[in-house]
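Summary of structural features
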Amino acid sequence: MSTRSSHFQFDWWVVQKRAVHFAIAIGVVLLLSSAAAVYVWKFGNPFSRVALRTNLPAGARFESFEGDVRVIHAATREVVLASSDTQLYPGDTVQTQADGRARIAMADGSTVVVRPNSTIIIRDNASSDGGKKSNVHVVVDSGQMLVRTPEQTEGAKNVVETAKTTNKVGSQTQASFVVNPEGTEQISVTAGSLENKNRSGETMTLRSGEFVAVNQSGTVSKPQRLLEVPQPAQPRDLEKIVVGNNGSANVTLRWLKPQSASQYRVEVATSPFFVPEGKVIERDRLDATQFSANDLRPGAYFWGVRATAISGQTSDWSEPQKFIVATPSTGSGAVSVTRLS
């Protein structure tokens, strides 16, 4: 009887121990579940962004970039340097520094070119129904941006917004938007057309070869004839210029006069980006179509010119032209060969 009684008590103790362990496990699970519920209630689902990123369609991408180009991701506020793998989603910001520029491919097949010292924000970049419907919306916050659209379908919508205007860009259109630090703006259309609307709701259509200025109060000027870019004539690109006896060269820069141009600005620099620390010469309000750049030491130089009309309209810069100031070659350049026997 004693042995049976002891065996019965031992079995009873084992069952109770398992029950205690099970109860503790249930308690821990309930405690963790409660803590997780409180966290989600207070801070939101920590995995929601992961799921969102997984299901996101392909964003806008950099076709090319050079210099310092930065991206601020809206979802994380993280600042990253642009790369070929960087995808841009609604709310993301692109910033170019003094030496930076970027070309971005959008969902509707259009391209956006961001010039140096500029900031843009991507508001929307969506495409559906096999590309028949698209919605692209970009904000120019500061600086200059160029947009080019392809042939568009009826369901395509491409909008460029500034602080004072909203512009619906048409099919096969090339347009430039400038937002100046003092609060004025400029819009130029070199091909195609766009519908412009200011903050007062007034609308107008800008066509190829037209330009408007927007003052600080948001009033849009009447369309003007677009001022063409001055075309450099001399020195030719990559031309070599030999220094004089004093070890320096005087180089005469010449360009063709665009119609309606009244004054010019010329810059000479050691960098094709014309960054401040690389600028050698800056001359503004020139009346003639030539300028003498004096006392240039041996090295490679880049120069550009832009025009200003009487109305105040300013053209784009000409493409940078490179010339080389070099010292005279020593010797005749002939190679002496000894006869071998």
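Analysis parameters
Residues numbered from 1 in each chain as written. Predicted model: local features only at pLDDT ≥ 70, side-chain atom pairs only at ≥ 80, totals over all residues. Heavy atoms only, no water. Patch = residues over 30% accessible without salt bridge, like charges linked within 9 Å, V, L, I, M, F, W, Y side chains within 5 Å. Areas by Shrake-Rupley, 256 points an atom, 1.4 Å probe, with all protein chains shown as cover. Salt bridge = Lys/Arg side-chain N within 4 Å of Asp/Glu carboxyl O. Helix = DSSP H or I, 4+ residues; strand = E, 2+ residues; numbered from the N terminus. Buried < 20%, exposed > 50% of the residue type's maximum accessible area, 1.4 Å probe, protein only. Polar contact = N/O pair within 3.5 Å; in protein donor to acceptor, adjacent residues only side chain to side chain. Contact = heavy atoms within 4.5 Å. Pairing = 2+ DSSP bridges. Axes fitted to C-alpha atoms, helices over the stretch in contact; angles between N-to-C directions.

**Some words on a nonpolar patch on the surface**
A surface patch of nonpolar side chains, amounting to about 320 Å² of accessible area, comprises F22, I26 and L30. Within the element layout of this structure, F22 appears in helix α1 (residues 2-43). Assessed through its relative accessible area of 57%, F22 is described here as exposed.

**A closer look at the environment of N246**
Secondary-structure assignment places N246 in the loop between β19 (239-242) and β20 (249-256). Spatially, the C-alpha atom of N246 lies 9.7 Å from that of R297, the residues being 51 residues apart in sequence. Within the structure, the side chain of N246 is placed 3.1 Å from the side chain of S248, a separation counted as a polar contact.

**Side note on the side chain of T162**
Relative to the helices and strands, T162 resides in the loop between β10 (155-161) and β11 (165-169). Here the side chain of T162 touches T165 through a polar contact of 2.7 Å, side chain to side chain. Every residue in contact with T162, bar those within four places of it in the chain, is listed here: V140, V179, E185 and R199.

**Examining the sheet that holds β19**
By definition, the strands of a sheet pair up through backbone hydrogen bonds, in either a parallel or an antiparallel sense. One open sheet accounts for five strands, arranged β19-β25-β24-β21-β22; its pairing is mixed. Edge strands, defined here as strands with exactly one partner in the open sheet, are β19 and β22 (279-286). Along the sheet, successive strands turn relative to each other by an average axial angle of 25 degrees, direction set aside. Taken together, the four bridges between β19 and strand β25 (residues 321-326) define a ladder with parallel strand orientation.

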